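# Coordinates in review
Residues per chain, in single letters:
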Amino acid sequence: MSEHHHQLIAGNSHGVIALDPAACTSCLICVRECPTWCIELDCHEEPVAEASGRRPKVSNVLDDFRIDFGLCMYCGICIEVCPFDALSWRQQFDYPSDQRQALVHDVLRLKPPADNQR
Amino acid sequence: MAFPHIWRDLRLTASQYPDSMTPLDRSTGPGPRWAGYRLADGVGIGLVNLELACCSLEVASAITLGLLVPSHEPSPSVLVISGTITGALVPTVSEVIAALPDAKVLAFGACACSGGPYWDAPTVIPGVNQLTTVSMYVPGCPPRPQALVSAISELARP
Amino acid sequence: MTAHIGRDEALVATDQWLRALRQFHDDGLDMLDFLTGVDRGEHIEIVARLTSSSQPSTSCFARTTVPVGGGVLPCACDIYPGAAWHERETSEMFAITIASGEHPPLLLHDQGQRGALLKARLLQRRNERPWPADAGQGSNRRTSRPLGVAPGVTNE
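Every value quoted in this text rests on a predicted model; they were computed, and no experiment measured them. (Residues numbered from 1 in each chain as written. Chains lettered and ligands numbered in written order. Predicted model: local features only at pLDDT ≥ 70, side-chain atom pairs only at ≥ 80, totals over all residues. Heavy atoms only, no water.)

## A word on the overall build of chain C
We apply this condition: Only DSSP runs of H or I reaching four residues or more are called helices, and only runs of E reaching two or more are called strands; each is numbered from the N terminus. Under the scheme applied here, a residue whose accessible area is under 20% of the maximum for its type counts as buried, over 50% as exposed, and between as partly exposed, the area being computed with a 1.4 Å probe on protein chains only. Contacts are assigned to residue pairs with any non-hydrogen atoms lying within 4.5 Å of each other. Residue-level accessible areas treat just the shown protein chains as cover; the underlying method is Shrake-Rupley with a 1.4 Å probe.
Secondary structure assignment for chain C yields 3 helices and 7 strands. Mapped from its N terminus to its C terminus, chain C presents α and β elements in the order β-β-α-β-β-β-β-α-β-α. Considering chain C as a whole, with its 156 residues, one finds that 38% of them fall into the buried category. A separation of at least 24 residues holds for 47% of the contacts in chain C among residues at least 6 apart in sequence. Carbon and sulfur atoms make up 53% of the accessible area of chain C, which totals about 8700 Å².

See below:
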């Protein structure tokens, strides 16, 4: 999309969604709350070593996170409910594809923009 | 605007629509022409837009913004499907697709890509790819008009 | 059920439905805004919003109830001719019979879809697709279910 065309888009438009994986705790709240079921999250449990010797604990580790933008209705509920602010809007509106599956963005594609990017 | 009559009476099936109510304009010659659009940037790509639901308003927006211009097209190269495909409209949608065998189909918006928010409805077809081969998927609910123009340019690239 | 006539609402038995609508109409509420159903589980509530063409800010609700399955609602078209389409949609969405006049399906042309808005009618595609949140269930998760889906229950 040309810069000129991008300028025509209002700054509060709901563009693509970004995920900061460092902030994600795999709590699954966004997955549960998405009305269209377009979010999938892969995680596994890892034991947490506790020096004090209390009962064993596990924590959830994020393996992959996918949003199917072919289904997404850009309601923003996932962004609102995330307790850790891991999800956010990006000012990107141009990601068509000739493949239906390529509309599913994984954690690499959902990386938040660098400071000099939208 | 193509197919304004669809909303008048949902009981009509495609075979009951009179010829004069299709976007195929038989009154001008020579040969049938389609009431369609071209990209305004002079690249010369003709398209027809099948206006099924709210995504069609973004296409109308593209005209207001000067990104598309109305034009009669003898052989459009892109058929844009804008909106939800319900079971009741399958005969009509299929008829338009069959009438444009050389056009590439572009699914505009979540409903055309997958059924969108209505993917679970028994009355909704979950994506125009259930009816035909789709050459380009444009996600969004709705996508911005600029995204349509960008995707059409991409699609028409040789 | 006894009739309850308040300033803004009337809840009446079905055999009083037309009488209540006629009373609202004669009181100046000459326009039907909508007529629809609400599945309350043990019965279907029919609600009609009536308004006045000369005073559009005035409105009242007329309500009645019909049983789930086999319910019959009198036709209001003699009072509000515009009720026809609303009754057709309510009839097909909640599997209610309208007592008189032609009320063919408006939107659901497949007989198998009749009663589509009844709560007992589950969304097949949601039942068939695994809920994405199920994939993450682990030893430390509290279990939860998605709204409106009962895996293992079918429409048959």
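Picking up after the structure, the text goes on.
## Thoughts on the side chain of Thr64 of chain C
Residue and element names in this part refer to chain C. The criterion, for reference: Under the rule applied, a polar contact is a pair of N or O atoms within 3.5 Å (in protein, one hydrogen donor and one hydrogen acceptor; residues adjacent in sequence only if both atoms are side-chain atoms).
Residue position: Thr64 is located in strand β5 (residues 59–66). Note on Thr64: relative accessible area 0%, which makes it buried. Separated by 3.3 Å, the side chain of Thr64 and the backbone nitrogen of Thr14 make a polar contact. With near-sequence residues (within four places) excluded, Thr64 lies in contact with Leu11, Val12, Ala13, Thr14, Trp17, Ile44, Glu45, Ile46 and Leu73.

## Focus on the pairing of strand β3 (residues 31–39) of chain C
All names here are of chain C. Operational definition: Strands are labelled as partners when DSSP assigns at least two bridges between them.
The pairing of β3 with strand β4 (residues 44–51) spans 8 bridges and is classified as antiparallel. Paired with Met31 across the strands is Thr51, a residue of β4. Linking β3 to β4, which pair antiparallel, is a turn of 4 residues; within it Gly41 sits at a positive phi near 95°.

## A few points about helix α1 (residues 17–26) of chain C
Residues and elements named next belong to chain C. Note the threshold: In this description, one arc is meant: the one made by directions from the helix axis to the C-beta atoms.
Residues of α1 that are buried: Trp17, Ala20, Leu21 and Phe24. In a view along the axis of α1, the buried residues occupy a sector of 95°, so they form one face of it. Turned more than 90 degrees away from the buried face of α1, the exposed residues are Arg19 and Asp26. Where α1 is buried, its residues meet β2 (9–11), β3, β4, β5 and β6 (72–73). Note on α1: the residue one or two positions beyond its end, Gly28, has a positive phi of about 110°.

## Quick word on the interface of chain A and chain B
To keep it simple, the criterion reads: Joining two parts hides part of their accessible area as seen by a 1.4 Å probe, and the buried area is that hidden amount summed over both. Charged means Asp, Glu, Lys or Arg here, nonpolar means Ala, Val, Leu, Ile, Met, Phe, Trp, Tyr, Cys or Pro, and polar covers whatever is left, Gly included.
Residue-level contacts link 23 residues of chain A with 22 residues of chain B. With both sides pooled, the region where chain A packs onto chain B buries about 1800 Å², and carbon together with sulfur makes up 67% of that total. Split into classes, the residues belonging to the side of chain A that touches chain B amount to 13 nonpolar, 7 polar and 3 charged.

## Here we look at the nonpolar core
Cut-off, in case you're wondering: Here, nonpolar core refers to any group of buried Ala, Val, Leu, Ile, Met, Phe, Trp, Tyr and Cys residues whose side-chain atoms link them within 4.5 Å.
If you look at the biggest cluster of nonpolar residues, it comprises 31 residues, and the most contacted ones within it are Ile17, Leu19, Ile39, Phe65, Ile67, Phe69 and Leu87 of chain A. When residues of this core are traced back to their parent elements, those giving at least two are β1 (17–19), α2 (29–33), β2 (39–48), β3 (57–68) and α3 (77–81) of chain A. For this core, the element with the most residues is β3 of chain A, which contributes 3 residues. Ignoring any residue separated from it by four or fewer positions in sequence, one finds Ile39 of chain A in contact with Cys30, Val31, Cys34, Phe65, Arg66, Ile67 and Cys78 of chain A together with Pro132 of chain C. Counting residues in hydrophobic clusters, the runner-up holds 28 residues, among them Ile44, Met93, Phe94 and Ile96 of chain C.

## Considerations on the pairing of β5 of chain C
Residues and elements named next belong to chain C. In terms of burial, β5 is a largely internal element, 7 of the 8 residues being buried. Both β2 and β5 contribute to a ladder of 3 bridges, which runs parallel. Bridge pairing in β5 places Glu9 opposite Phe61. For β4 and β5, the ladder comprises 8 bridges, and the chain directions are antiparallel. Paired with Arg49 across the strands is Phe61, a residue of β5.

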